[in-house]
Amino acid sequence: MIDKPLAFRMRPEKIEEVLGQEKIKAFLNNLLENRALVSMIFYGPPGTGKTTLAQAFANSFDAYSVKLNAVLDNKSRMEAAFQEAIRFNPAIVIIDEIHRLDKGKQDLLLPHLENGDFYLIGCTTANPLISLNPAIRSRTRLLESMPLSKEDILTGLERALESKKGLSGQREFDKDGLEHLAAMSSGDLRFAYNQLEAIALSFSKSHRITLEDVRSVAIAPNYLTDKDEDEHYDTVSALQKSIRGSDVDAAVYYLAKLLKGGDLEGLIRRLLVTAYEDVGLANPQAVDRCYHACLVAREVGMPEAMIPLSFSVCDLALSPKSKASYQAVQEASALIDEKPTRVRSYLRLKTYGTPKEEQYDYSDPEVWSHLVYLPEGMEGLELFHGWGNGKYERALMEQREKLRALKKATSIKEAKRIAIESKKK
């Protein structure tokens, strides 16, 4: 009979066996001491022990528990599990990937939570403040599961080597090999166990496994950048902020981390937004170069896509910055939300009923710059505030000042008169 995976065999059965998560364990131990139960959501990165902690708590409380998966289990399976839990007191229902509950499954769950039929422990890698139904969130205590420290991972690996549930002392590892494995796991104990088992099975029982052996077998480090997880979005955020802050080294680092995660399309979208939002008019040529670099990246695919993308990230990070165009449209959007406005009659597409002398003249460009274009009551409004960080933007700012100095009119007839007078001067 083939053994189950090492990570499964090493899963703790009681709270005291769980590594790390001291804050959550302190709260759970208080519940145990007071013989009290509340519904909870454990959220945090993968491999930090959320589901394990939920099951270990249920075992320590000596409560009946049933485990479900929001993706794999259908409505009929969930309803059967809920009815089963109702027959026991106390009962805990553990739902993995709870952020993926669709509306139908949520509708099944909510009445049971409201009636106190059982207690819920949901587990999710997503931020519950964003991903969870407010009705579920308001009925649960949110507890964040943190990545394990390197020391916690190392302790887990050493336990697995000696435990009868693990490798039963049949494999020997050099300390620096285990430390390397702990470091590359990025706080994910499940990842570390899977790697330990793969390495152990690659050598005979009599062979003492060295650091070089670990490096020769272990796959790439766990980068924690799955595009469905919070760490991915945090890394995207760090990339944009590094470019904005002109830290080219940090920007290239986060680029490489995102490329390891494999979400090329998501990365390209963020780079294009960053180029227009943060560099913008200070260096429009760099914005154009970013667009073309992204086209090339799509065309060549991975892994070569990293070459044009790194070119663009370095270009954007070291470019002068201007958010003037982005800030202008943001401010305009806020004004539109405040009150409705109407377009002036001479700017409308259809001018029925408007006298001919007050209709927009498409053939007289000298009149155009003497017209007021903003709605009534908003004359003189300034939304664009140039930063002046690049030659191109400074030229635009100078041009803008010249245009603003021109005399303006709120009628076509008056604008034509002003244009004629200006030509005479």
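Here's a quick rundown of the structure.

Conventions and cut-offs
- Residues numbered from 1 in each chain as written.
- Predicted model: local features only at pLDDT ≥ 70, side-chain atom pairs only at ≥ 80, totals over all residues.
- Heavy atoms only, no water.
- Phe/Tyr/Trp six-rings, centres within 6.5 Å; stacked < 30°, edge-to-face > 60°.
- Buried < 20%, exposed > 50% of the residue type's maximum accessible area, 1.4 Å probe, protein only.
- Lys NZ or Arg CZ within 6 Å of the ring centre and 35° of its normal.
- Helix = DSSP H or I, 4+ residues; strand = E, 2+ residues; numbered from the N terminus.
- Patch = residues over 30% accessible without salt bridge, like charges linked within 9 Å, V, L, I, M, F, W, Y side chains within 5 Å.
- Areas by Shrake-Rupley, 256 points an atom, 1.4 Å probe, with all protein chains shown as cover.
- Salt bridge = Lys/Arg side-chain N within 4 Å of Asp/Glu carboxyl O.
- Axes fitted to C-alpha atoms, helices over the stretch in contact; angles between N-to-C directions.
- Parallel < 35°, antiparallel > 145°, perpendicular 65-115°, else oblique.
- Left-handed = near helix turned anticlockwise from the far one by under 90°.
- Contact = heavy atoms within 4.5 Å.
- Nonpolar A, V, L, I, M, F, W, Y, C, P; charged D, E, K, R; others polar.
- Pairing = 2+ DSSP bridges.

The next subject is the packing of aromatic side chains. Tallied over the full model, the rule gives six aromatic pairs. Ring centres 6.4 Å apart and planes at 10 degrees place the aromatic pair Tyr360 and Trp368 in the stacked group. Residue Tyr360 is classed as partly exposed on the basis of its relative accessible area, which comes to 23%. Here Trp368 falls in the partly exposed class, since its relative accessible area comes to 31%. Aromatic rings pair up to connect Tyr360, Tyr362 and Trp368 into one cluster. Sitting above the plane of the Phe8 ring, Lys4 keeps its charged end 5.1 Å from the centroid. Over the face of the ring belonging to Phe27 we find Arg141, whose NZ or CZ atom lies 4.3 Å from the ring centre.

Below, the discussion takes up unusual backbone geometry. The amide bond that connects Asn89 to the next residue, Pro90, takes the cis arrangement and shows omega of 5 degrees. With respect to the helices, strands and loops of the structure, Pro90 is situated in the loop between helix H4 (75–86) and strand E3 (91–96). A cis amide bond links Met302 to the next residue, Pro303, at an omega of 5 degrees. Position of Pro303 relative to the elements: it lies in the loop between helix H15 (284–300) and helix H16 (306–318). Phi at Gln21 is positive, roughly 55 degrees, even though this residue is not glycine.

There is a patch of nonpolar side chains on the surface, built from Met302, Met306 and Ile307 and spanning about 290 Å² of accessible area. Mapped onto the elements, Met302 comes out in the loop between H15 and H16.

Relative orientation of the contacting elements helix H8 (residues 150–162) and helix H10 (residues 189–200) amounts to 40 degrees, with a least axis distance of 10 Å. In terms of orientation, H8 and H10 fall into the oblique class. Helix-helix and strand crossings are classified by hand; for H8 and H10 the assignment is right-handed. Contacts between H8 and H10 involve Ile153, Gly156, Leu157, Ala160 and Leu161 from the first element and Leu189, Ala192, Tyr193 and Leu196 from the second. Residues that form the contact of H8 with H10 fall into these classes: eight nonpolar, one polar and no charged.

Here the structure, examined in full by the defined rule, presents 21 salt bridges. Between Lys323 and Glu277 there is a salt bridge, and its shortest N-O distance comes to 2.9 Å. One end of the pair, Lys323, is in the loop between H16 and helix H17 (324–338); the other, Glu277, is in helix H14 (residues 264–279), and 46 residues separate them in sequence. Overall, Lys323 belongs to the buried group, its relative accessible area being 13%. Note on Glu277: relative accessible area 12%, which makes it buried. Its salt-bridge partner being Arg400, residue Glu382 comes within 3.5 Å of it at the nearest N-O pair. Of this pair, Glu382 sits in the loop between helix H18 (365–368) and helix H19 (391–404) while Arg400 sits in helix H19; the two residues are 18 residues apart in sequence, bridging distant segments of the chain. The exposure class assigned to Glu382 is partly exposed, which follows from its relative accessible area of 33%. Linked through salt bridges whose partners overlap, the residues forming this network are Arg244, Glu277, Asp278 and Lys323.

With that settled, the discussion passes to the sheet that holds strand E4 (residues 119–124). Read from one edge to the other, the open sheet built from five strands follows the order E2-E3-E4-E1-E5, with strand pairing classed as parallel. Two strands lie at the open edges of the sheet, namely strand E2 (64–69) and strand E5 (141–144), each paired on one side alone. On average, adjacent strands in this sheet sit at an angle of 20 degrees to one another, irrespective of strand direction. In terms of strand pairing, E2 meets E3 through six bridges, oriented parallel. Directly across from Lys67, in E3, lies its bridge partner Ile94. Packed onto the sheet, helix H3 (residues 50–61) meets strand E1 (40–43), E2, E3 and E4 and runs at close to 160 degrees relative to E4.

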